[in-house]
Amino acid sequence: MSCATMISPIEVLPADDLGRRRDWSDEEKIRIVEESLQGFRQGSATARRYGLSRSLLTTWRQEYRSGLLRLSTSPSFVPLTISPPATASCEVASAPRSEDDRTIKIGLPNGRWLTIPTSLDPAVLARLLPFLDAS
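What counts as what
- Residues numbered from 1 in each chain as written.
- Predicted model: local features only at pLDDT ≥ 70, side-chain atom pairs only at ≥ 80, totals over all residues.
- Heavy atoms only, no water.
- Helix = DSSP H or I, 4+ residues; strand = E, 2+ residues; numbered from the N terminus.
- Buried < 20%, exposed > 50% of the residue type's maximum accessible area, 1.4 Å probe, protein only.
- Lys, Arg positive; Asp, Glu negative; His and termini not counted.
- Salt bridge = Lys/Arg side-chain N within 4 Å of Asp/Glu carboxyl O.
- Polar contact = N/O pair within 3.5 Å; in protein donor to acceptor, adjacent residues only side chain to side chain.
- Contact = heavy atoms within 4.5 Å.
- Phe/Tyr/Trp six-rings, centres within 6.5 Å; stacked < 30°, edge-to-face > 60°.
- Pairing = 2+ DSSP bridges.
- Arc of directions from axis to C-beta.
- Axes fitted to C-alpha atoms, helices over the stretch in contact; angles between N-to-C directions.
- Parallel < 35°, antiparallel > 145°, perpendicular 65-115°, else oblique.
- Nonpolar A, V, L, I, M, F, W, Y, C, P; charged D, E, K, R; others polar.
- Core = buried A, V, L, I, M, F, W, Y, C linked by side-chain atoms within 4.5 Å.

(A) Structural view of the side chain of R61. Checked against the element boundaries, R61 lands in helix α3 (residues 54–66). Nearest to the buried, unbridged R61 among oppositely charged side chains is E35, at 11 Å. A polar contact of 3.4 Å, which involves the side chain of R61, links it to the backbone oxygen of S36. In this structure R61 touches V33, S36, L37 and G43, once residues within four positions along its chain are discounted.

(B) Region of the structure containing the packing of aromatic side chains. Taken as a whole and assessed by the stated rule, the structure comprises one aromatic pair. Ring centres of W24 and W60 lie 5.9 Å apart, and the angle between their planes is 75°; this geometry places the pair in the edge-to-face category. Residue W24 is found in the segment before α1 (26–36), and its partner W60 is found in helix α3; the two are separated by 36 residues along the sequence. The burial state of W24 is the same as that of W60; both residues are buried.

(C) Up close: the pairing of strand β2 (residues 103–107). As paired elements, β2 and strand β3 (residues 113–117) share five bridges and run antiparallel to each other. Across the sheet, G107 pairs through a bridge with W113, a residue of β3. In this antiparallel pair of consecutive strands, β2 and β3, the connection spans five residues, and G111 shows a positive phi of 95°.

(D) Structural detail: α1. Within α1 the residues assigned to the buried category are K29, I30, I32, V33 and S36. Buried residues of α1 fall within an arc of 165° about the axis and therefore sit on the same side. If you follow the buried residues of α1, they end up packed against α2 (42–50) and α3.

(E) Structural detail: the packing of α1 against α3. Running from N to C, α1 and α3 point in directions that differ by 95°, and their axes come no closer than 10 Å. Considering their axes alone, α1 and α3 lie roughly perpendicular with respect to each other. Touching K29, I30, I32, V33, E34 and S36 of α1 are L57, W60, R61 and Y64, all from α3. Its residues assigned to classes, the contact of α1 with α3 shows six nonpolar, one polar and three charged.

(F) Highlighting the nonpolar core. Grouped together as the largest cluster of nonpolar side chains are nine residues: W24, I30, I32, V33, A47, L52, L57, W60 and L69. If one sorts the elements of this core by residue count, α1 sits on top with three residues. Excluding residues within four positions of it along the chain, L57 makes contact with I32, V33, S36, G43, T46 and A47. Core analysis: the second largest hydrophobic core is formed by five residues, I106, L108, I116 and L125 among them.

See below:
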């Protein structure tokens, strides 16, 4: 009795025939979708022509109709204008007791008043005022 294993040849396929996922560019997707929309029942025929599943082509068509699938455009600049901040009226509180007790009372454009110590850093105040004025 002999134990021998059968060895069978292995076939090596080219990389294109492995059934891997393909990366379609947006331009290619749009071209395929527009081709599929040209006539009656062109979706199935177009999907077969490009080796796509009908469900993938249907997804692309929905994205195309909703505006999610579109040609990529280069980023554009949006004009920016910086307006000066709203002026706030300032007055020093009366009768300061000492240097540490001095405060400034600020009337905001929304009608509220803000009382802050004079030792507060102006940069911090400048960052806070837009938020305080908005609320």
